[in-house]
Amino acid sequence: MKTTKHNPPRLSSPITLIDGIGPKKAEAFSHLGVHTLEDMFYFLPRRYEDRRTPKPLDSLTRGEYECAYGVVSEIGADYDKTRAIITNNSGSAEVIWFSDKIASFLREGMRLALYGKIDERSIVPRFVHPEFEILKPNSTPTIIGKVFPIYPATADLNQRTIRKFVDSALDSFSEECLKDFLPRRVLNRYGMMSLREAILQLHNPSDERTFIRARNRLAFDEFYLLQAGVIMRRSLYSSQLKAKPLKPGEKFRTFMDTLPFTLTDAQRAAGYEVLEDMDRDIPMNRLLQGDVGSGKTIVAVIAVLAACDSGAQAAFMAPTEILAAQHYITLRKTLEPLGLNVALLTGSLRTSERRRILEGLSIGSVDAVVGTHALFSGSVEFANLGLAIVDEQHRFGVLQRGALAAKGQAPHLLAMTATPIPRTLIMSVYGGLGVSVLNELPPGRKEIHTISLIPPEAPKVYAMILERVKKGEQVYWVCPLIDDSERDLASVSSVYARLRNILPDLTISMLHGRMSVDEKSRVMQSFAEGKIDLLVATVVIEVGVDVPNATMIVIQDAGQYGLAQLHQLRGRVGRGEAQSLCVLLENAGITPVGRERVGAMVKCSDGFELAEQDLRARGPGEVCGTHQHGVTDFRVADLVRDEKILRLAKKEAEELLREDPNLDSEPLLKREILRRLGEVLELAATS
Ligand code: ADP
Ligand code: MG
């Protein structure tokens, strides 16, 4: 016994507490992600085998996995095989093992339990290399008689070993470690199984109905804890932090009066929601969701103007330097005529310039600053940060908000995303967030025409490019690599060289991540000014880049990209009134998954629909960039399938926290939230 009264086992205890697990087994388990008792309890079987009912030997189904009892009546070994005949009162069957060793310990008259596949073609029923167990008189079999969990195994850990240790962990420690943290009334209201019972069922299901109840209970746990955590975080922020209300004034009105176009209804509504939020002493926490090209930037500019009109500073964060530079240009064009001072702060500034900007921010002479994540690094101080905007929020992961919010007393926060986040995700991860949606494109936009072609059809593409350029329009060509490599994928450098040969009359340039920031912005600037006809680029242009005169994009090796990414790339065109075109060039080695994505792109231009598909195909972590934080890394729950459970969990969590915001009546629940989510939700302060 390795634990004592003073040192009781906990969920976080290492699995070496389990009898028989030493450093070597622990190492083997660590390759499966199992380090602690908790990991062991929640170590999910990949699937289950139903071995509850042994079959009479005369009714074994060919091609199926079956279990049965029988007495050995004949044994033989030839080369590397063992053959046996087993019989019982319902008939007989043949058994083959692909090893001659088995013959050496089988004897006629032995009683066996067997589980394995029945040969599809054999005339006599035949088990092919089954699991088996020699039964002693009066002993109960261990390999049949129940539903068996099948775990992800490794070369060092087979099913039997894993099962043995999981069972041993459950036997020795589950009682003490698995205390139910759900409030009594939730358990009662839904007639829920206890936590320990649910975990036991996960590993040793008694029947399908009970198993589903167990699974649902565990899925509920995950949603419930997350929802409660998100609500706690929200109240933590709003009770501790008072924001300065910000109102639009003179500058805002001047801007609106000189706007060269009319806002869409959706932009107007979103702008109104943002201004309403900002006019409160509770910090705004709003997500602006709108498909590529829907015109989110204007809504952000409206927020910036309200901040400046109220004498507060605004910070505008973009995920790439290219995008930061573009927003900088937009903001300068808008704000400088109004007498405001705009700065650009990126990681690649010269020291002197950086120092000048930092000083401007700290004394308040800079009114609005645009930048990459460098904007919120330790050395940046603001005199009076009233508004923080995060563009293309999904690229940052949800949770950098804390670092950012810490920069001002309590700045209002506007996050924008062009990758529409499916509704279920918003409900769970962004539980405490207001959401505005731009569900229409500015007037006159035509749906982007999307086609897929194979490499031999490339000459057609050259003709299309020429046609576009003749009309004065511009084209992007996107490749997965910068230089050629042994991977059979297109590179910017070789495509650039080839296109210059094939299309000698065009002005062609390259853009990729290995170029210096200055070079990149020079190229982007010339492209924006229409001086470049064709830009061969990597995915550095993926998000946000806005050149309305670009009307065609070729995405080479399209199967390489995720669906969300393809949609983002396609969104670089269709930003003006001309009919735009997206050409997806497949490559000979395209995977089935890649082909499916290409097909989805051709069929569908709605980012929301594509995002839902992406969520189904890839899991939520990758879609919204939270993967490394694990917020949506559910063990049991499934955001797509378990939407109903999610709703219930949300409702229950809201109800509970309304009555008891600090969870004083539920210390176990509170502890569990902090234990599982404290760090990622930045909740430690409440413990
Ligand atoms: P996104 O939502 O992808 O960030 P942008 O804000 O970059 O979109 O806007 C895309 C383009 O549409 C920009 O060139 C912008 O000036 C233009 N635009 C935005 N709103 C309107 C509008 N109401 N009418 C016409 N053009 C608009
Ligand atoms: Mg944008």
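A. Spotlight on the site of ligand 1. Near ligand 1 you find 17 residues, and of these Gly293, Lys296, Thr297, Arg445 and Asp546 are the closest. Take Arg445: an N or O atom from its side chain is 2.8 Å from an oxygen atom of ligand 1. Coverage of ligand 1 by the protein chains reaches 86% of its 560 Å² of free accessible surface. Residue classes in the shell around ligand 1 are distributed as 5 nonpolar, 7 polar and 5 charged. Residues lining the shell around ligand 1 come from more than one domain, with at least three contributed by each of domain 3 (250-438) and domain 4 (449-604).

B. Quick peek at the pattern of salt bridges. Scanning the model with the defined rule gives 36 salt bridges in all. Taking the shortest distance from any N to any O, the salt bridge between Glu131 and Arg160 comes out at 3.9 Å. A residue pair is termed long-range when its members are at least 10 positions apart, and Glu131 in strand β6 (residues 126-135) and Arg160 in helix α4 (residues 159-177) qualify at 29 residues. Among the residues examined, Glu131 registers a relative accessible area of 27% and is labelled partly exposed. For the salt bridge of Arg286 with Asp277, the shortest nitrogen-to-oxygen distance reads 2.7 Å. The buried category is assigned to Arg286, whose relative accessible area is 11%. With relative accessibility at 10%, the residue Asp277 sits in the buried group.

C. Representation of the sheet that holds strand β20 (residues 581-585). What the 6 strands build is an open sheet, ordered β15-β20-β19-β16-β18-β17; its pairing is parallel. Because the sheet does not close on itself, it has two edges, and the strands there are β15 (449-453) and β17 (508-511). Strand after strand, the sheet turns through a mean of 20 degrees between neighbouring axes, direction not considered. Relative to strand β18 (residues 534-537), strand β16 (residues 474-478) runs parallel, the two sharing 4 bridges. Looking across to β18, one finds that Val475 is bridged to Leu534. Packing of helix α16 (residues 492-502) onto the sheet brings it into contact with β16, β17, β18 and β19 (550-556), and relative to β17 it is tilted by some 175 degrees. This element, helix α18 (residues 563-570), spans β15, β16, β19 and β20 of the sheet and lies at about 150 degrees to β19.

D. Quick peek at the packing of helix α10 (residues 296-309) against helix α11 (residues 321-335). Running from N to C, α10 and α11 cross one another at 50 degrees; their axes reach a closest spacing of 11 Å. As far as their axial angle goes, α11 and α10 are oblique. Taken as a pair, α10 and α11 cross one another with a handedness that is right-handed. Each of Thr297, Val301, Val304 and Leu305 in α10 lies in contact with α11, whose residues at this interface are His327, Leu331, Thr334 and Leu335. Taken together, the residues that form the contact of α10 with α11 break down as 5 nonpolar, 3 polar and no charged.

E. Broad picture of the domain arrangement of the protein chain. Taken as a whole, the protein chain is organised into domain 1 (15-44 + 155-204), domain 2 (53-145), domain 3 (250-438) and domain 4 (449-604). Tallying the contact residues gives 15 residues for domain 3 and 17 residues for domain 4. Linking domain 3 to domain 4 there are 0 salt bridges. Counting across the domain 3 and domain 4 interface gives 2 residue pairs in polar contact (both at pLDDT 80 or more). Grouping the amino acids of the side of domain 3 that touches domain 4 by side-chain chemistry returns 6 nonpolar, 5 polar and 4 charged.

Calculation notes
- Residues numbered from 1 in each chain as written.
- Chains lettered and ligands numbered in written order.
- Predicted model: local features only at pLDDT ≥ 70, side-chain atom pairs only at ≥ 80, totals over all residues.
- Heavy atoms only, no water.
- Near = heavy atom within 4 Å.
- Polar contact = N/O pair within 3.5 Å; in protein donor to acceptor, adjacent residues only side chain to side chain.
- Areas by Shrake-Rupley, 256 points an atom, 1.4 Å probe, with all protein chains shown as cover.
- Nonpolar A, V, L, I, M, F, W, Y, C, P; charged D, E, K, R; others polar.
- Domains from an automatic or database assignment.
- Salt bridge = Lys/Arg side-chain N within 4 Å of Asp/Glu carboxyl O.
- Helix = DSSP H or I, 4+ residues; strand = E, 2+ residues; numbered from the N terminus.
- Buried < 20%, exposed > 50% of the residue type's maximum accessible area, 1.4 Å probe, protein only.
- Pairing = 2+ DSSP bridges.
- Axes fitted to C-alpha atoms, helices over the stretch in contact; angles between N-to-C directions.
- Contact = heavy atoms within 4.5 Å.
- Parallel < 35°, antiparallel > 145°, perpendicular 65-115°, else oblique.
- Left-handed = near helix turned anticlockwise from the far one by under 90°.

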